[in-house]
Amino acid sequence: MDHKPLLQERPPAYTPASQGGDYGQSNYGAIPPPQPGFQPPPPYPYPSAAAATAAPAGYAAPPPQHNYPNMYTIIQQPATTTSVVVVGGCPACRVGVLEDTFTCLGVLCAIVFFPIGILFCLALRQRRCPNCGATFG
């Protein structure tokens with residue numbers, strides 16, 4: 001490790017020094033004045049209306065311009081309404097979700113006619129809405 005003092009001299013000042021060189025110029029980036037005898041180019045000549053409609057050799061004449069009235073037609077699309085269909089939702093109140101319940105006759109058929117009775121039990125179930133109490137068969 002070198003044991004050098006960290007800062008023996010003070011850093012240079014942030015203000016530009018007028019010691020010479022290009023660093024002290026105050027008009028850095030300014031546009032220089034024009035040289036004597038310099039003439040700017042003439043402005044671009046715009047074509048006249050007659051020259052604009054005349055087609056150059058080998059080209060077809062442009063189509064005539066149409067004069068349309070200053071009227072605008074605004075067509076507004078109707079707002080589309082989105083309907084959300086809840087699978088298993090109550091058609092009466094549209095809030096509740098239908099629950100399946102087995103009827104007494106369906107359970108009795110499932111017990112008495114065991115293998116085929118299960119099909120009767122599933123066929124005889126009722127759907128009931130817990131919100132409004134409506135039953136659908």
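Everything here concerns the structure above.
Residues numbered from 1 in each chain as written. Predicted model: local features only at pLDDT ≥ 70, side-chain atom pairs only at ≥ 80, totals over all residues. Heavy atoms only, no water.

Student: Let's hear about the overall build of the chain: which residues, and what values?
Tutor: The number of helices and strands found in the chain is 3 helices and 3 strands. Ordered by position from N to C terminus, the α and β elements of the chain give α-β-α-α-β-β. The buried share of the chain, reckoned over its 137 residues, is 7%. Partitioning the contacts of the chain with sequence separation of at least 6, the portion at a separation of at least 24 is 45%. On the chain, roughly 13900 Å² of surface is accessible, and the fraction owed to carbon and sulfur atoms is 62%. (Helix = DSSP H or I, 4+ residues; strand = E, 2+ residues; numbered from the N terminus. Buried < 20%, exposed > 50% of the residue type's maximum accessible area, 1.4 Å probe, protein only. Contact = heavy atoms within 4.5 Å. Areas by Shrake-Rupley, 256 points an atom, 1.4 Å probe, with all protein chains shown as cover.)

Student: Pulling in residues and values, what's your account of the environment of Ile111?
Tutor: Among the structural elements, Ile111 can be located in helix α2 (residues 104–112). Taking the relative accessible area as the measure of exposure, Ile111 reaches 63% and is therefore exposed. Residues Ile111 and Cys121, spaced 10 residues apart in sequence, show a C-alpha to C-alpha distance of 9.3 Å.

Student: I'd like a rundown of the sheet that holds strand β1 (residues 99–102), residues and numbers included.
Tutor: The antiparallel open sheet is built from 3 strands, whose spatial order is β1-β2-β3. Every interior strand has two partners, whereas the edge strands, β1 and β3 (135–136), have only one. Across 4 bridges, the pairing between β1 and strand β2 (residues 125–128) is antiparallel. If you follow Phe102 over to β2, its bridge partner there is Arg125. (Pairing = 2+ DSSP bridges.)

Student: Can you explain the state of the cysteines? Please cite residues and give values.
Tutor: This structure, assessed with the given rule, holds 0 disulfides. Cys93 provides the cysteine sulfur closest to Cys90, a residue in no disulfide bond, and the two sulfurs are 3.7 Å apart. The buried category is assigned to Cys90, whose relative accessible area is 3%. (Disulfide = S-S within 2.5 Å.)

Student: So, the pairing of β2: which residues are in play, and what are the values?
Tutor: Where β2 meets β3, 2 bridges bridge the pair, whose relative direction is antiparallel. Within the sheet, the bridge partner assigned to Arg128 lies in β3 and is Thr135. As consecutive antiparallel partners, β2 and β3 are separated by 6 residues, and within that stretch Gly133 has a phi angle of approximately 85 degrees, a positive value.

Student: Can you break down the packing of α2 against helix α3 (residues 114–123) residue by residue, with the values?
Tutor: Axis separation between α2 and α3 bottoms out at 6 Å; the angle between their running directions is 165 degrees. Considered as vectors, α2 and α3 are oriented roughly antiparallel to each other. As α2 packs across α3, the resulting crossing turns out to be left-handed. For the pair formed by α2 and α3, the contact residues are Gly106, Val107, Cys109, Ala110, Ile111 and Val112 on the first element and Phe114, Gly117, Ile118, Phe120 and Cys121 on the second. Grouping the amino acids of the contact of α2 with α3 by side-chain chemistry returns 9 nonpolar, 2 polar and no charged. (Axes fitted to C-alpha atoms, helices over the stretch in contact; angles between N-to-C directions. Parallel < 35°, antiparallel > 145°, perpendicular 65-115°, else oblique. Left-handed = near helix turned anticlockwise from the far one by under 90°. Nonpolar A, V, L, I, M, F, W, Y, C, P; charged D, E, K, R; others polar.)

Student: Describe α2, and please don't skip the residues or the numbers.
Tutor: Taken residue by residue, α2 has Gly106, Cys109 and Ala110 as its buried positions. Across the axial projection of α2, the buried residues extend over an arc of 100 degrees, all falling on one side. Turned more than 90 degrees off the buried face of α2, the exposed positions are Cys104, Leu105, Leu108, Ile111 and Val112. Residues of α2 that are buried sit in contact with α3. (Arc of directions from axis to C-beta.)

Student: Let's hear about the environment of Thr135: which residues, and what values?
Tutor: For Thr135, the location among the structural elements is in strand β3. Judged by its relative accessible area of 47%, Thr135 falls in the partly exposed class. Taking the C-alpha atoms as reference points, Thr135 and Cys90, 45 residues apart in sequence, are found 9.5 Å from one another. Apart from residues no more than four positions distant in its own chain, Thr135 is found in contact with Gln126, Arg127 and Arg128.

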